[in-house]
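So you can see what is in the structure, the chains are spelled out below.
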Amino acid sequence: MLTAITYQLVKSVNNSLRLQQQVRTKYILKRKYEPPLHKINQKPRLMRGRHHIYELVEDTGVTKPKNIDVVLKTFVEGVGDKGDVLSLKPTFAYNKLLLPGLAAYKTEESIAKYAKKIEENVEAKHSSPYAQRTVNMLERLVLAVVMNKDQPWVIKPWHVKASLRKAGYICKEECITLPKESIEGPDLTKENKEFYCTITINNVETARLKCRIHHWSTDPSERLPYVTEHWKIPAEPLFGSAELSENAKT
C-alpha cells in the first residue's frame, strides 16, 4: 500500500514538473483598431470590444533562426579545417561544434587564436573537409569488377574506373594503383576472389579498395548463376595470405 502511494506521489510530482517547463516562444501583436485618446488629467475613455482585437505580426516559433558564425578549433570531417570561419544553422553549430568544444564563436580574438600557422599548412593531413569521408566510403565498399568470360583480358586501371563509375564514384585512371602481380583471365578459379587496389585522393589521402572478380558472358546459356548480395559472403584472397598480411598492416 505504501509503495503504491509513493508511486502516485512521484508520478504527480513528475507531471507537475513537466507542466512547468519553460517554453521559449514570443508573439509580436498589434491592435487592429487604435483605442481612443483622452485629455490630460481627464478620466480615460472606456475601450470597446474591437479595441481588444489584435493582428499577428511575427511568431518567433516558426521564424527561421539566423545562422551562427563560428571559428573551427580543429579539423572537422565534412565541415572544415582549423581556423575556418563558417556560418551554420544554430542547431548544428550548438550540438556538433560548440558543445563538444570543436569551435568557438566568431570574434577577432578567436579568429587570431585559431588561425592556422605556416607549418600547419605545410603539414596538412587533409586535402579537403570531405576527403576523409570519401576514404571511409571507399574502404567500406566491396567493388564488383565484372570481366568477360569468353575473351582473354588483363585487369587495367580503366577496368576499376568503369566499375567505380557503375557504383557511383568518379575516379581518374592515374589515381588507381593495382597490385604488382598481373591479374589475367578468364579464369573461373578466380571467380569471386578478392584483391586490393589503392585509390589516391587529391595526391594526399589514400584508400584501400576491396575488389572482387566476377565473370560475365554475352551468351545467356554460358552465364554463371547470379549471387544475391555477394558482398556479404566471405571470399578468399586472390594472392593468398601475403595480401591479407599487407592489408592488416595498413
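Residues numbered from 1 in each chain as written. Predicted model: local features only at pLDDT ≥ 70, side-chain atom pairs only at ≥ 80, totals over all residues. Heavy atoms only, no water.

The chain has the name Large ribosomal subunit protein bL9m in an unreviewed UniProt entry, where Glossina austeni is given as its organism. According to the UniProt record, the Sequence similarities (unreviewed entry) comment for the chain is "Belongs to the bacterial ribosomal protein bL9 family." (UniProt positions renumbered as here; feature names shortened; annotations may be inferred.)

A.B. asks: I'd love a proper account of unusual backbone geometry, names of residues and values included.
C.D. replies: Cis geometry marks the peptide bond from Gly185 to Pro186; its omega dihedral reads 5°. Along the polypeptide, Pro186 turns up in the loop between β9 (184-185) and β10 (194-201). Non-glycine residue Asn192 carries a positive phi angle of around 65°. Here Asn192 shows up in the loop between β9 and β10. Notably, Asn203 is not glycine yet its phi reads approximately 60°, a positive angle. Turning to its location among the elements, Asn203 is positioned in the loop between β10 and β11 (205-216). (Helix = DSSP H or I, 4+ residues; strand = E, 2+ residues; numbered from the N terminus.)

A.B. asks: For the sheet that holds β11, give the residues involved together with the corresponding values.
C.D. replies: Overall, mixed pairing links the four strands, which are arranged β6-β11-β10-β8 in an open sheet. Unpaired on one side and paired on the other, β6 (142-148) and β8 (176-177) mark the two borders of the sheet. Sitting on the sheet, helix α5 (residues 131-140) is in contact with β6, β10 and β11, with an inclination near 30° to β11. (Pairing = 2+ DSSP bridges. Contact = heavy atoms within 4.5 Å. Axes fitted to C-alpha atoms, helices over the stretch in contact; angles between N-to-C directions.)

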